[in-house]
Amino acid sequence: MKIVIIGGTGRIGSKVAERLRSKGHDVVQSAPSTGVDTLTGEGLADVLTGAQAVLDVSNSPSFEPGAVLSFFERSTSNLLAAERAAGVGHHVALSIVGIERSPDNGYFRAKVAQESLIKNGGVPYTIVRSTQFLEFLGGIADEATVDRTARVSSGAFQPIAADDVAAFVAEATIGKPENQTIEIAGPEKKPMSDFISEYLAAVGDSRKVVADPDAKYFGSRVDDQSLVPLGSAKLGKLDFRSWNAQQPQAAA
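Residues numbered from 1 in each chain as written. Predicted model: local features only at pLDDT ≥ 70, side-chain atom pairs only at ≥ 80, totals over all residues. Heavy atoms only, no water.

- Going by what an unreviewed UniProt entry lists, the protein chain is known as SDR family oxidoreductase and is assigned to Ensifer oleiphilus.

Written out as structure tokens, the structure is:
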């Protein structure tokens, strides 16, 4: 099967490409650096020729609310139009669990718009909604830190390892179109502040963590339903300790 990965040179795209190639699929990793630009449409027709499936794991270069909305609307519209013209039979996109439950988050609003375009885009699809990646725990801590204290939400959190995300996304891409959304998450659910405390301790960071139910997560307040699956979800294999043991700082 020929599979085109949009955003194929990034963290998840590269991992998915490796998995799919190991199964014998013809995988094309596309990105602006390879001459494929979904914002302008450059290279799309050529790269999609003969493709049976397209996986979109691309991301906006700017997280400013207006810019990220413009990116996902234009990129997704161009991509779906090119897929229809090429006769692509399956569009797969990576999205985020709970995006409709945090209206104050501009990035999440943009992902809602992207999902709507996909559902009405005329190409059979599967949307894979993931919880936050374990790889971003450090970034969450940094964003929440003032004067060596990280004030972090005590809302429920269920982060997943990027390797598990790649496995689920690869599986969805070579499967039949679901024409619906599936959700994936990590195997552990507990307060976000607990994960950040455990992460900082594991990397030898002495910052203090304060659990605060009113602390914002990139602009939005988090409760026990905001960022975790509320229904059935596929769970990854790697809990925090297993994932952390694989990280470079653990090996060092």
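Past the structure itself, the notes keep going.
1. Let's talk about the UniProt feature "domain: NAD(P)-binding" (unreviewed entry) in the protein chain
Thought 1: UniProt feature "domain: NAD(P)-binding" (unreviewed entry): in the numbering of this structure it lies at residues 7-172.
Thought 2: The annotated region residues 7-172 carries 43% helix and 18% strand content, and the separation between its end C-alpha atoms amounts to 17 Å. (UniProt positions renumbered as here; feature names shortened; annotations may be inferred. Helix = DSSP H or I, 4+ residues; strand = E, 2+ residues; numbered from the N terminus.)

2. Side note on the layout of surface pockets
Thought 1: The volume enclosed by the largest pocket comes to roughly 810 Å³.
Thought 2: Forming the boundary of the largest pocket are 31 residues, of which N59, I96, Y107, Q132 and F136 lie nearest the centre.
Thought 3: Looking at the lining of the largest pocket, the elements that each hand over two or more residues are α1 (11-22), β4 (90-96), α4 (106-119) and α5 (137-144).
Thought 4: Considering every element that reaches the lining of the largest pocket, the biggest residue donor is α4, with 4 residues. (1 Å grid on protein atoms, 1.4 Å probe; cavity = no way out; pocket = protein on both sides within 12 Å on 5 of 7 lines; lining within 4 Å. Points joined across faces, edges and corners; volume = space filled by probe spheres on them.)

3. Observations regarding the nonpolar core
Thought 1: With 28 residues, the main nonpolar core has L137, M192 and I196 as its most contacted residues.
Thought 2: Within the residue set of this core, elements represented by two or more residues are α3 (65-86), α4, α5, β7 (149-152), α7 (192-202) and α8 (240-245).
Thought 3: At 5 residues, the largest contribution of residues to this core is made by α7.
Thought 4: Among all residues touching M192, those that are not within four sequence positions of it are I140, V152, S153, S154, G155, F157, Y217, V222 and L227. (Core = buried A, V, L, I, M, F, W, Y, C linked by side-chain atoms within 4.5 Å. Buried < 20%, exposed > 50% of the residue type's maximum accessible area, 1.4 Å probe, protein only. Contact = heavy atoms within 4.5 Å.)

4. Considerations on the environment of F133
Thought 1: Secondary-structure assignment places F133 in the loop between β5 (125-130) and α5.
Thought 2: Since its relative accessible area comes to 10%, F133 is described here as buried.
Thought 3: Here the alpha-carbon distance between F133 and D164, two residues 31 residues apart in the chain, equals 9.5 Å.
Thought 4: The residues contacting F133, other than those within four sequence positions of it, are R11, I12, L94, P159, I160 and V165.

5. Regarding the side chain of S58
Thought 1: Counting through the fold element by element, S58 comes out in the loop between β3 (53-56) and α3.
Thought 2: Within polar-contact distance, the side chain of S58 engages the side chain of D56 at 2.6 Å.
Thought 3: In this structure, S58 is in contact with I6, G7, F71, F72 and S75, ignoring residues within four places of it in sequence. (Polar contact = N/O pair within 3.5 Å; in protein donor to acceptor, adjacent residues only side chain to side chain.)

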